[in-house]
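# Survey of secondary and tertiary structure
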Amino acid sequence: MSVHACTSRRMSTVLTALGGSICAFALVLSGTAHADPGAPEPSHPDDDFAGSQILRHEGSARSGVALSAARGTEGVDVSSHQRNVAWSTLRKSGVRFAYVKATESKSYKNPYFAQQYNGSYKAGMIRGAYHFATPNTSSGATQARYFLAHGGGWSKDGKTLPGALDMEYNPYGATCYGLSKRSMVKWVSDFFKTYKAKTGRDAVLYTSTGWWKTCTGNYSGFSKTHPLWVPHYGSSVGALPGGWNYQTVWQYTSKGATVGDHDRFNGSLNRLRALARG
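None of these values were measured; they are calculated from a predicted model.

## Brief notes about unusual backbone geometry
Glycine aside, residues mostly have negative phi angles, and peptide bonds mostly take the trans form. Positive phi, close to 55°, is recorded for serine 105, a residue that is not glycine. Residue position: serine 105 is located in the loop between β2 (97–104) and β3 (108–109). Unlike most non-glycine residues, asparagine 218 shows phi in positive territory, near 65°. Positionally, asparagine 218 belongs in the loop between α9 (209–216) and β7 (228–231).

## A short note on helix α8 (residues 181–199)
Residue pairs spaced three or four apart in an α-helix point in one direction, given the helix's 3.6 residues per turn. When the terminal C-alpha atoms of α8 are compared, their 27 Å separation across 19 residues agrees well with the 27 Å that a helix rising 1.5 Å per residue should span. Within α8, the full set of buried residues consists of Met184, Val185, Trp187, Val188, Ser189, Phe191, Phe192, Thr194, Tyr195 and Thr199. Buried residues belonging to α8 abut β4 (126–132), α7 (140–149), β5 (164–166), β6 (204–206) and α9. One or two residues past the end of α8 sits glycine 200, with phi positive at roughly 80°.

## Here's the deal with the state of the cysteines
Per the counting criterion, the structure on display carries 1 disulfide. A sulfur-sulfur distance of 2.0 Å marks the disulfide that ties cysteine 176 to cysteine 215. Taking the sign of the S-S torsion, -80° for the link of cysteine 176 and cysteine 215, the bridge is left-handed. Taken as a pair, cysteine 176 in the loop between β5 and α8 and cysteine 215 in helix α9 lie far apart in primary sequence, 39 residues in all.

## Comments concerning the pattern of salt bridges
As a working rule, side chains carrying opposite charge can pair if their charged atoms are close by. Considering all chains together, one arrives at 4 salt bridges under this definition. Between lysine 101 and glutamate 104 there is a salt bridge; the shortest N-O distance is 2.7 Å. Take lysine 101 and glutamate 104: they sit in the same class, and that class is buried. Here aspartate 202 ties to lysine 196 by a salt bridge, and the two come within 3.4 Å at their closest N and O atoms.

About the criteria used
- Residues numbered from 1 in each chain as written.
- Predicted model: local features only at pLDDT ≥ 70, side-chain atom pairs only at ≥ 80, totals over all residues.
- Heavy atoms only, no water.
- Helix = DSSP H or I, 4+ residues; strand = E, 2+ residues; numbered from the N terminus.
- Expected span 1.5 Å × (residues − 1).
- Buried < 20%, exposed > 50% of the residue type's maximum accessible area, 1.4 Å probe, protein only.
- Contact = heavy atoms within 4.5 Å.
- Disulfide = S-S within 2.5 Å.
- Salt bridge = Lys/Arg side-chain N within 4 Å of Asp/Glu carboxyl O.

Take it as geometry only, folks, not as evidence of what the structure does.
This is how it looks when you write it as structure tokens:
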């Protein structure tokens, strides 16, 4: 159990039942614990959306909400944190695509996935699904299969984006989930290979430059084939992870209209449709 878990609201019910002794012990040992590769499934609060841990660890420079609509194609990303989304409102405001959290680890499914994934599609948007990774709970291949079985698939209809893998700071413990840099790269590779074997598409990678450097040693081997979706909350995208010369999607703010997280596809709507078609 991490100090973060002891201080988080997501553990309040458990701590009430068990008393304060476990947290007291965890606080004494703070800074020495490591993620257990055989760790049990974590709890799944509503706020583990794409970038929730990036924002917590790296902060926000500026909101970025005033960026010109001419620079790329506007999108959003959502999770159960947003609950039922007003898709028609977003469509009228200029939003043209959405990434929706489908799964986390190997047991969690977004309870609002149907409303969000199908709702964005019905509103006339191009949509895609993403998976929030927890590499200490099961293999990359296992989590890819779980994602594929619960909304992460792809179809060549011109309105479905390839699935995205959300790699960011561990909300439940050690930053890199207890994995070495080499093991983390292998985990991501296993996820990608499994996803492509099923869909024929290279999954999108969502990650911050800071986390990628820390947990993979700034590995550049995925940059030739996997589109990059990068969070950086400010007026420019900032430095990119190793190997990528440009981002495909930029999550530029967590304070946008209606849902908070807003993104820019690095190209026209026609180029976005081309990415969806494959």
